[in-house]
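# Residue-level structural notes
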Amino acid sequence: MVASVSGLHARELPLAQQRGRVWIRYAASYKDYDARMIGWWKDGWKKFAEQTVFPQIAAISKREKISVYGVQIHHPWGRSVKDGTPMPMEFNQRERCYQDYEATQNPKLALALDDVAFLEAMVSISQNYRLLIYMGSPHQLDPLPGESQTAWVARAKQVYGPVLYITPPPAIGMDNTFGQPWDPNPKSCYHFTGGAEGAVAQLVGDLTAHGHRIYFEGGILLNARWALDLCSTYTTDRWWDVPASGRHHHNRQWGRWARPQQDTKNRVMIQLHLTGTDEEKREAIERQLALGRDVVLAPTSFPGFPWSK
């Protein structure tokens, strides 16, 4: 076990006084279609934490003198596969993983569904680094006929399963839930989930009240104050380069996207996919950190990989 990080979960300084931080990201992207794209932890969650996460962070720190602040686990229960092609990530992935296991009896899926092992591994990571669990879009969870928003929120929380029992509470990543306004069209998913009074806003409020920081994957509309107020971190990919003049949504009535570091008080997070020499990678990382932006890297994107050289 690596040494704990002093003050990791303490109240942070104002962003203006902060330098960016480095995260390492693990995703279910292994080309094992029969095991729902599960790769890093195909030998069990315990080995994933003890034989992958901790040794890799130690190697990065030793070789590059990079202090890894956080660990991101993306779609922990994988993605469905149809005719050999991975499907888009599903929010209700844990239940779908169980259904796939029931159909195939694949022992790797049994390892993925071991909630006790998952919880123990995630707690060990969360006690040493800031942990983020990314499970995609809650708005994918269709409301049941006549279901209230309160009942939907309770059902959405069940989807997270053991994630909500990790201590300290992990951050939670959400995709495509970035403050879309309420849609009057009853056939739209945003008729039920969108807007400040929508089901997603209520879910976010519930999660933050229980200590979970919310990271949005994508932009946040400037007029979606509920999202800007509840989401303490502005997570970005292609959205981080919104120009100073702003960029309007294609539906002009929805207003423009919030500019990170100008229109929000939230930290900017950039997922970098670095290429080039190790020195070029180091310069790219340093440039973002100096601007106060968090940097997210897959293990193979870090300078010096493989670190055993």
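Scroll up to find the structure.
Turning next to the overall build of the protein. Scanning the protein from N- to C-terminus turns up 9 helices and 10 strands. In the protein, which comprises 309 residues, the share counted as buried stands at 53%. Sequence separation of at least 24 residues holds for 70% of the intrachain contacts in the protein that already meet a minimum separation of 6. As presented, the protein carries roughly 14800 Å² of accessible surface, and 51% of it is formed by carbon and sulfur atoms.

Turning next to helix α5 (residues 149-160). Here α5 contains 12 residues, and its C-alpha end-to-end distance of 17 Å stays within 8% of the 16 Å for a straight helix at 1.5 Å per residue. Looking only at α5, the buried set comprises Trp152, Val153, Ala156, Val159 and Tyr160. Buried residues along α5 cover an arc of 110° about the axis, so they all sit on one side. The outward face of α5, more than 90 degrees from its buried face, is lined by the exposed residues Thr150 and Gln158. Looking at the buried residues of α5, the elements they touch are α2 (93-104), β6 (171-175), α6 (190-193) and α7 (199-209). Gly161 sits one or two positions beyond α5 and adopts a positive phi of about 55°.

Turning our attention to unusual backbone geometry. Cis geometry is found at the peptide bond from Thr167 to Pro168, where omega equals -10°. Along the chain, Pro168 turns up in the loop between α5 and β6. Cis geometry is adopted by the peptide bond preceding Pro306, which originates at Phe305 and carries an omega value of -5°. Here Pro306 lies in the segment after β10 (294-297). Phi at Lys65 takes a positive value of approximately 55°, unusual for a residue other than glycine. Among the structural elements, Lys65 can be located in the loop between α1 (45-64) and β2 (68-74). Residue Gln105 is not a glycine yet carries a positive backbone phi of 55°. Structurally, Gln105 can be placed in the loop between α2 and α3 (107-112). A residue is classified by how much of its surface remains accessible, and Gln105, at 47% relative accessible area, is partly exposed.

Here the focus is the packing of α5 against α7. Axis separation between α5 and α7 bottoms out at 9 Å; the angle between their running directions is 55°. One element, α5, and the other, α7, form an angle in the oblique class. Handedness of the crossing formed by α5 with α7: right-handed. Contacts between α5 and α7 involve Gln149, Trp152, Val153, Ala156, Lys157 and Tyr160 from the first element and Ala199, Val200, Gln202, Leu203, Asp206 and Leu207 from the second. A per-class count over the contact of α5 with α7 returns 8 nonpolar, 2 polar and 2 charged.

We now examine the packing of aromatic side chains. The way to describe two aromatic rings as a pair is by their centre distance and the angle between their planes. Tallied over the full model, the rule gives 10 aromatic pairs. Residues Trp45 and Phe118 carry aromatic rings whose centres are separated by 4.9 Å and whose planes lie at 80° to one another, so their mutual orientation is edge-to-face. Of the two residues, Trp45 is situated in helix α1 and Phe118 in helix α4 (residues 115-126); the sequence distance between them amounts to 73 residues. By the burial criterion, Trp45 is buried, and Phe118 matches it. Seen in terms of ring centroids, Trp77 and Phe118 are 5.0 Å apart; in terms of plane orientation they differ by 40°. Their pairing is tilted. Here Trp77, found in the loop between β2 and β3 (81-82), pairs with Phe118, found in helix α4; they are 41 residues apart in sequence, far enough to count as distant. For Phe118, a relative accessible area of 0% corresponds to the buried category. Across from the ring centre of Tyr69, 4.0 Å away, lies the NZ or CZ of Arg21, which sits over that ring. Sitting above the plane of the Trp77 ring, Arg94 keeps its charged end 5.9 Å from the centroid.

Let us now look at the sheet that holds β2. Strand pairs in the sheet, formed through backbone hydrogen bonds, run parallel or antiparallel to each other. With parallel pairing, the 8 strands of this closed barrel are ordered in space as β1-β2-β5-β6-β7-β8-β9-β10. This sheet shows a mean twist of 25° between the axes of neighbouring strands, independent of strand direction. Where strand β5 (residues 130-134) lies against β6, 3 bridges are found, and the strand directions are parallel. Of the residues in β6, the one forming a bridge with Tyr134 is Gly173.

About the thresholds
- Residues numbered from 1 in each chain as written.
- Predicted model: local features only at pLDDT ≥ 70, side-chain atom pairs only at ≥ 80, totals over all residues.
- Heavy atoms only, no water.
- Helix = DSSP H or I, 4+ residues; strand = E, 2+ residues; numbered from the N terminus.
- Buried < 20%, exposed > 50% of the residue type's maximum accessible area, 1.4 Å probe, protein only.
- Contact = heavy atoms within 4.5 Å.
- Areas by Shrake-Rupley, 256 points an atom, 1.4 Å probe, with all protein chains shown as cover.
- Expected span 1.5 Å × (residues − 1).
- Arc of directions from axis to C-beta.
- Axes fitted to C-alpha atoms, helices over the stretch in contact; angles between N-to-C directions.
- Parallel < 35°, antiparallel > 145°, perpendicular 65-115°, else oblique.
- Left-handed = near helix turned anticlockwise from the far one by under 90°.
- Nonpolar A, V, L, I, M, F, W, Y, C, P; charged D, E, K, R; others polar.
- Phe/Tyr/Trp six-rings, centres within 6.5 Å; stacked < 30°, edge-to-face > 60°.
- Lys NZ or Arg CZ within 6 Å of the ring centre and 35° of its normal.
- Pairing = 2+ DSSP bridges.

Keep in mind these numbers describe shape, not what the thing actually does.
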